[in-house]
Amino acid sequence: MSEAMLTPYSFIKVALPVPMRTLFDYKVPKAIALRHELKPGMRVKVPFGKSTRLGVIVALTNHSDWDPEQVKPLTAMHDERPVITQELMELCEWAARYYHHPIGDVIFHALPVLLRKGENAEFRTENWWLTTPEGQHFSLEKLSRAPRQQDFLKAVQQHPNGLSQQTVSVLDLAPAAGKSLEEKGLLRREPRTFNKGGEKHAHQTQVLPTLNPEQAIATEHLLDARHHFNVSLLDGVTGSGKTEVFLRVMARLIEDGKQVLVMVPEIGLTPQTLKRFETRFNTDIVLMHSNMSDRERLDAWLLAASGHAKIIIGTRSAAFIPAPNLGLIVIDEEHDTSYKQHEGFRYHARDLAIKRAQALDIPVLLASATPSYESLANALQKKFAWLKLRSRAGNALIPEMERVDLRGKTLIHGFSEQALAHMKLCLDRKEQVLVFLNRRGYAPTLMCHQCGWIAACDHCDVNLTVHKRANKLHCHHCDTQKALLHTCPECHSEELFTVGEGTEQVETQLSTLFKEVPILRIDRDSTQRKAAMAKLTQKIHEHDQAILIGTQMLAKGHHFPNVTLVIIMDADAGLFSSDFRGMERTAQLITQVAGRAGRAKKAGHVLLQTYHPDHAAIECLCNLGYEHFAIDGLAERRSLSLPPFFHQVIVRAESGNEQEAMQWLSAMRNDLEPLFSKDVYLVGPYAAIIVRKAGQHRALISLKSAQRAPLHHAVQLMSDWLEQSARQHRIRFAIDVDPLET
Ligand code: ADP
Ligand code: ZN
Ligand code: ZN
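If you're wondering where the values come from, they're calculated on a predicted model, not measured in any experiment.

Enquirer: Break down the confidence of the model for the protein for me, citing the residues and quoting the values.
Expert: Summary statistics for the protein give a mean pLDDT of 89 and a share of 95% for residues scoring 70 or more. Looking at the elements of the protein, mean pLDDT is at its lowest for helix H1 (residues 2-6), recorded as 45, and at its highest for helix H14 (residues 349-360), recorded as 98. Every residue in residues 197-201 scores below 50 in pLDDT, and together they form 7 contacts with partners more than four places removed in sequence or on other chains. Reported for the predicted complex are a pTM of 0.87 and an ipTM of 0.96.

Enquirer: Quick one: what's the story with unusual backbone geometry, residue by residue and with numbers?
Expert: Of note, the amide linkage connecting proline 643 to proline 644 takes the cis form, showing an omega dihedral of 5°. For proline 644, the location among the structural elements is in the loop between helix H21 (626-639) and strand S27 (647-655). Of note, the amide linkage connecting glycine 684 to proline 685 takes the cis form, showing an omega dihedral of 10°. For proline 685, the position within the fold is in strand S28 (residues 681-693). One non-glycine residue, alanine 694, lies in positive phi territory at about 50°. With respect to the helices and strands, the residue alanine 694 is situated in the loop between S28 and strand S29 (696-705).

Enquirer: Tell me about the sheet that holds strand S5 (residues 76-77), and please be specific about residues and values.
Expert: Taken together, the 5 strands give an open sheet; going across it, the order is S2-S1-S4-S3-S5, and neighbouring strands pair in antiparallel fashion. Edge positions in the open sheet fall to strand S2 (24-27) and S5, since each of these has one partner strand only. Of the strand pairs in this sheet, strand S1 (residues 11-15) and S2 are connected by 4 bridges, and their pairing is antiparallel. Bridge pairing in S2 places valine 14 opposite phenylalanine 24.

Enquirer: Give me the nonpolar core: which residues, what numbers.
Expert: Val14, Met263, Ile312, Val435, Leu548, Val566 and Ile568 are the most contacted members of the largest nonpolar core, which totals 160 residues. Setting aside residues up to four positions removed in sequence, leucine 548 forms contacts with Gln432, Leu434, Val435, Leu520, Ile522, Ile540, Leu554, Phe560 and Val563. Listed in part, the 13 residues of the second largest apolar core include Phe152, Leu153, Leu163 and Leu173.

Enquirer: Any details on the packing of helix H7 (residues 147-158) against helix H9 (residues 175-183)? Residues and values, ideally.
Expert: Following both chains from N to C, one finds H7 and H9 inclined at 80°, their axes separated by 8 Å at the closest point. Between H7 and H9, the crossing angle belongs to the class labelled roughly perpendicular. Residues Arg148, Gln149, Phe152 and Leu153 of H7 form the contact with H9, whose own contacting residues are Ala177, Gly178, Ser180 and Leu181. Grouping the amino acids of the contact of H7 with H9 by side-chain chemistry returns 4 nonpolar, 3 polar and 1 charged.

Enquirer: Tell me about the sheet that holds strand S13 (residues 326-332), residues and numbers included.
Expert: Across the sheet, which stays open at both edges, the 7 strands sit in the order S11-S12-S10-S13-S14-S9-S15 with parallel pairing between neighbours. The open sheet is flanked by strand S11 (285-288) and strand S15 (385-389), the only strands paired with a single partner. On average, adjacent strands in this sheet sit at an angle of 20° to one another, irrespective of strand direction. Bridge analysis of strand S10 (residues 259-263) against S13 gives 5 bridges, and the strand direction is parallel. When the sheet's bridge partners are listed, valine 262 is paired in S13 with valine 330. Packing of helix H13 (residues 294-306) onto the sheet brings it into contact with S11 and strand S12 (311-314), and relative to S11 it is tilted by some 135°.

Enquirer: Could you give an account of helix H16 (residues 417-428), naming the residues involved and the relevant values?
Expert: With 12 residues, H16 ought to run about 16 Å at 1.5 Å a step, and its terminal C-alpha atoms sit 16 Å apart, in line with that. Turning to H16, the residues buried within the fold contact strand S16 (400-405), strand S17 (432-436), strand S25 (563-568) and strand S26 (605-610). Backbone geometry just downstream of H16 places lysine 430 in the positive-phi region, at approximately 65°.

Enquirer: Lay out the UniProt feature "binding site: Zn(2+) 2" (unreviewed entry) in the protein with the relevant residues and their values.
Expert: UniProt feature "binding site: Zn(2+) 2" (unreviewed entry): in the numbering of this structure it lies at Cys457, Cys460, Cys475 and Cys478. Considering the C-alpha atoms alone, the annotated residues occupy 22 residues of sequence yet fold into one spot, their largest mutual distance being 8.7 Å. Mapping cysteine 460 onto the fold places it in the loop between strand S18 (445-448) and strand S19 (465-467). Excluding residues that lie within four positions of it along the chain, cysteine 460 makes contacts with Cys475, His477, Cys478, Ile690, Arg692, Lys693 and Ala694. One can find cysteine 478 in the loop between strand S20 (472-474) and strand S21 (481-483). If we skip the residues at most four places from it in the chain, cysteine 478 touches Cys457, His459, Cys460, Lys693 and Ala694.

Conventions used here
Within each chain, residues carry numbers counting from 1 in the order of the written sequence. The order in which chains are written sets their letters, starting at A; the order in which ligands are written sets their numbers, starting at 1. Whole-chain, interface and lining totals are the exception, using all residues; otherwise, since this is a predicted model, local features are given only for residues with pLDDT of at least 70 and side-chain atom pairs are given and counted only at 80 or more. Known as pLDDT, the predictor's confidence for each residue is given on a scale from 0 to 100. Where helices and strands are cited, they refer to DSSP runs of H or I of at least four residues and of E of at least two residues respectively, numbered from the N terminus. Each residue is represented by a C-beta atom placed from its backbone, and any two residues with such atoms within 7 Å are regarded as in contact. At least two DSSP bridges between two strands are needed for those strands to be called paired. One nonpolar core equals one set of buried Ala, Val, Leu, Ile, Met, Phe, Trp, Tyr and Cys residues connected by C-beta atoms within 7 Å. Here exposure depends only on C-beta density: within 10 Å of a residue's C-beta, 20 or more other C-beta atoms make it buried, 12 or fewer make it exposed, and intermediate numbers make it partly exposed, the C-beta atoms being placed from the backbone. A fitted line through C-alpha atoms serves as each axis, taken over the contacting stretch for helices, and the angle formed by two N-to-C directions is quoted from 0 to 180°. Here is the rule for angles: anything less than 35 degrees is roughly parallel, anything more than 145 is roughly antiparallel, 65 through 115 is roughly perpendicular, and the remaining ranges are oblique. Basically, the charged four are Asp, Glu, Lys and Arg, the nonpolar ten are Ala, Val, Leu, Ile, Met, Phe, Trp, Tyr, Cys and Pro, and anything else, Gly included, counts as polar. Residue count minus one, scaled by 1.5 Å, sets the expected span of a helix. UniProt positions are given in the numbering used here, feature names are shortened, and annotations may be inferred rather than shown by experiment.

Right, here's the structure in full:
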């Protein structure tokens with residue numbers, strides 16, 4: 001008791017990265033309270049079970065619901081300053097409530113990996129090598145019998161400001177030689193803080209293009225609206241000058257001393273885009289994406305948090321980056337599904353960013369050539385300002401879309417004669433063709449001619465994809481890989497054949513048809529290695545004639561100025577999907593890919609190969625364009641009471657046992673349904689489309705409602721029920737609010 005009297009707060013409420021939707025109470029020992037000023041957002045070490053865990057203080061309080069005797073004291077403080085600002089703490093708390101996700105997991109997700117692991121929130125210090133006064137003029141000849149030391153000393157002598165550890169490894173110098181020189185008193189080491197802040201990029205004064213009338217109107221609107229919260233949807237075809245508009249707006253905010261967060265899709269940040277930012281702004285730009293090391297990400301995070309970095313370009317997780325002077329959030333390609341996290345903490349970075357901007361009273365700019373139905377609905381209801389760019393910037397023309405009827409036609413390696421003829425003409429003009437097929441690998445199926453056996457994944461209800469180049473069978477759902485088989489495991493026949501085609505096969509076959517033409521494949525397999533994509537794009541720019549073949553990776557962000565023909569090999573894929581979002585996704589993908597054609601001075605042509613040329617959707621998309629297509633699609637969603645008019649939550653359960661997940665969700669439904677509001681509609685439990693994935697049998701239950709409140713109430717009841725009962729069963733569950741997949 002006396003202890004509590006001495007400290008300003010007796011207890012802290014701590015978030016821990018555990019799957020429990022609760023905070024944990026700890027006592028503040030007197031010794032710690034006297035030496036530290038505890039604040040929410042600081043990390044602490046606390047006893048948990050039999051071990052000590054790192055947690056984050058969420059609140060300080062004088063009251064605990066638990067018996068004070070039972071509450072354990074915290075072990076130690078980990079930070080002197082909060083690593084989570086109050087603003088971000090509130091965002092995390094909101095997200096935990098909205099997404100029904102454990103608060104500890106949300107808070108830890110908001111931190112860079114190294115901070116989750118206990119690294120200090122400080123720039124790294126690196127040892128730099130410097131010469132001593134003696135070493136500065138030491139004759140290198142005296143080291144002729146120690147060539148490594150000679151090289152090392154020579155390099156340091158040539159760098160009067162010192163040699164960083166990183167340069168030492170770039171120059172391939174031997175660290176042991178450096179140590180020997182240190183022992184001889186010729187070199188010394190000095191720790192320096194790594195801080196990229198202050199380092200400027202190759203800024204160039206540019207002559208900016210004169211904005212066309214639509215761009216000018218959009219820019220003016222955004223500049224007028226820049227002081228308060230509001231959301232604008234910048235809706236313009238690819239190449240209509242959206243980026244130019246937001247660069248102008250960003251420039252003004254940076255002049256105002258603000259920071260700007262630009263969110264980009266997972267693989268949407270191209271070297272070209274980055275270059276455009278770097279040459280445009282005379283300011284620090286930090287990147288935050290999944291191809292960076294944990295240390296690089298922490299450094300980027302620190303630069304943003306310090307306010308030095310005026311521009312932060314990042315993927316999904318950058319929605320949580322601290323930025324004390326944040327003045328604008330731009331979400332490029334806002335329709336992209338990589339903004340939604342598909343496992344664990346299933347948040348949507350766009351929605352979260354909008355929430356964040358609202359709390360900060362700053363504007364949000366969403367940009368897309370194919371806005372999501374959600375955003376279009378908001379624009380139609382005037383919740384978002386709808387800024388349209390309908391013509392292409394400069395003189396570029398809108399590509400023409402043409403359907404190619406495949407019915408009854410002879411196909412050559414999956415191409416109609418018409419498509420091949422167009423390809424030839426295009427290549428003869430020394431222009432480039434883009435072939436789109438959203439299926440990587442050589443073939444989606446391997447079959448036995450004698451017995452009909454099909455190579456299937458042992459852990460999932462799917463077939464294995466054939467990858468000939470890598471000589472493998474690969475499951476695209478659980479990543480299982482095995483050597484490519486040449487005899488049937490059932491009947492030992494050697495007559496195995498592939499069915500269907502993927503990008504790898506199309507690449508091989510096109511190279512036999514167009515022997516002289518460079519063929520470049522762009523998909524997840526060909527771009528796995530770091531910098532592979534940059535090399536590929538460079539090659540594309542080097543050649544005049546070329547065939548590019550790729551998956552949806554091609555639909556993202558790239559500028560291929562010499563592509564004038566786009567061939568969509570299989571426009572029907574996705575059209576008959578069981579997912580009500582299938583149409584939206586297909587239309588977005590086709591429109592985005594088509595938008596790669598004719599971006600510069602030359603007009604583009606798009607061919608859609610289809611067995612359903614009269615299908616209303618394909619017809620509408622070709623003749624009337626995406627906006628019209630989407631508005632029709634929205635009307636259909638409204639009539640069917642689907643999102644975005646109804647709000648949806650999916651509860652997913654999975655178990656190693658075939659029946660268990662299904663039975664469990666049924667039991668929950670029986671227990672809870674009487675407690676739900678009449679405004680909540682329940683469907684299920686039903687089996688997932690691919691029931692078994694990575695050895696887990698998956699079932700789901702879907703809830704929807706026109707109002708959020710009753711839906712959240714129902715989900716709260718479910719979440720409590722599931723958490724209670726999951727402890728007794730070996731079942732995993734996930735709550736997916738505003739799901740994008742079924
Ligand atoms: P989007 O982001 O909509 O794809 P961009 O802003 O990248 O469009 O513009 C496409 C191309 O047109 C870029 O090369 C850009 O520099 C150029 N551009 C943009 N606005 C204009 C303009 N008003 N006049 C001339 N060229 C422009
Ligand atoms: Zn067989
Ligand atoms: Zn699998």
